[in-house]
Amino acid sequence: MKKLTAILLSVLLLIGVCSGCGNTKDVYIGEGKMTVIRSLISTNDFLANEVFGENHLPVDASETLTRDTRTLAPVVSDIFSSYAELENLVYTTYTEDVAKRLLSEPEKYVEIDGKLYFDLHYSVQQKTEYARRDFETELKKVNDDGSYTFKVKFINPKGLDTTAKMNVTEADGTLRLCDFYN
């Protein structure tokens, strides 16, 4: 009887384990990790719209200087008082290679004597008004390299909703975006 019970339990255990075979498991990402991911997406939205996109940080155009044929104006921002602060935000948002590329290709911001300057060559005539967008995230898949692909729907207050696929990876134990998303 003990053998029959042991065999029956073994068979039931095998059936239970194999019932999930072939099925894709739902991946659960905890609320703490999702909060960090939402923060990265929000930071990317800010950087894409107010720092590195068509717009740029506010500058004092009356105090320009010329260096290496570049006309530079000091940044006057409540958010960044130095190049190191801008650099820190970029490096904590993106993977290292993306951060390096974003800061140098093209090099829109430079540090001179501890101050943050903007290259006016990249200034547009008419600044577009940035309206903070809400967004919804949906995990689409876990990639072979362990990164996550999210579908992000940006909800624009003016009704121009857009959707983007964004990849998030873990680098040095912290989450980072795998690209700069305009």
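Engineer: Mind laying out the environment of serine 104, listing which residues take part and the relevant values?
Structural biologist: Here serine 104 lies in helix H4 (residues 96–104). With a relative accessible area of 42%, serine 104 lands in the partly exposed category. A polar contact of 2.7 Å, which involves the side chain of serine 104, links it to the backbone oxygen of lysine 100.

Engineer: Could you give an account of a positive patch on the surface, with specific residues and numbers?
Structural biologist: The grouping of Lys141, Lys151, Lys153 and Lys165 at the surface amounts to a positive patch. Turning to its location among the elements, lysine 151 is positioned in strand E6 (residues 148–155). Lysine 151 sits in the partly exposed class, given a relative accessible area of 35%.

Engineer: Give a detailed account of the side chain of glutamate 50, specifying residues and quantitative values.
Structural biologist: Along the polypeptide, glutamate 50 turns up in helix H2 (residues 31–51). At a separation of 3.3 Å, a polar atom in the side chain of glutamate 50 contacts the side chain of asparagine 55.

Engineer: So what about the sheet that holds strand E5 (residues 134–142)? Which residues, and what values?
Structural biologist: Pairing in this open sheet of four strands is antiparallel, and the strands run E5-E6-E7-E8 from one edge to the other. Of all strands in the sheet, those with a lone pairing partner are E5 and strand E8 (174–177), marking the two edges. Neighbour-to-neighbour, the strand axes of this sheet turn through a mean angle of 30°, independent of strand direction. Relative to E8, strand E7 (residues 162–171) runs antiparallel, the two being bridged by four bridges. Looking at E8, one finds that glutamate 170 is bridged to leucine 175. Against the sheet, H2 engages E5, E6, E7 and E8, with an angle of about 35° to E8.

What counts, and where the lines are drawn
Residues numbered from 1 in each chain as written. Predicted model: local features only at pLDDT ≥ 70, side-chain atom pairs only at ≥ 80, totals over all residues. Heavy atoms only, no water. Helix = DSSP H or I, 4+ residues; strand = E, 2+ residues; numbered from the N terminus. Buried < 20%, exposed > 50% of the residue type's maximum accessible area, 1.4 Å probe, protein only. Polar contact = N/O pair within 3.5 Å; in protein donor to acceptor, adjacent residues only side chain to side chain. Patch = residues over 30% accessible without salt bridge, like charges linked within 9 Å, V, L, I, M, F, W, Y side chains within 5 Å. Areas by Shrake-Rupley, 256 points an atom, 1.4 Å probe, with all protein chains shown as cover. Salt bridge = Lys/Arg side-chain N within 4 Å of Asp/Glu carboxyl O. Lys, Arg positive; Asp, Glu negative; His and termini not counted. Charge placed at Lys NZ, Arg CZ, Asp CG, Glu CD. Pairing = 2+ DSSP bridges. Axes fitted to C-alpha atoms, helices over the stretch in contact; angles between N-to-C directions. Contact = heavy atoms within 4.5 Å.

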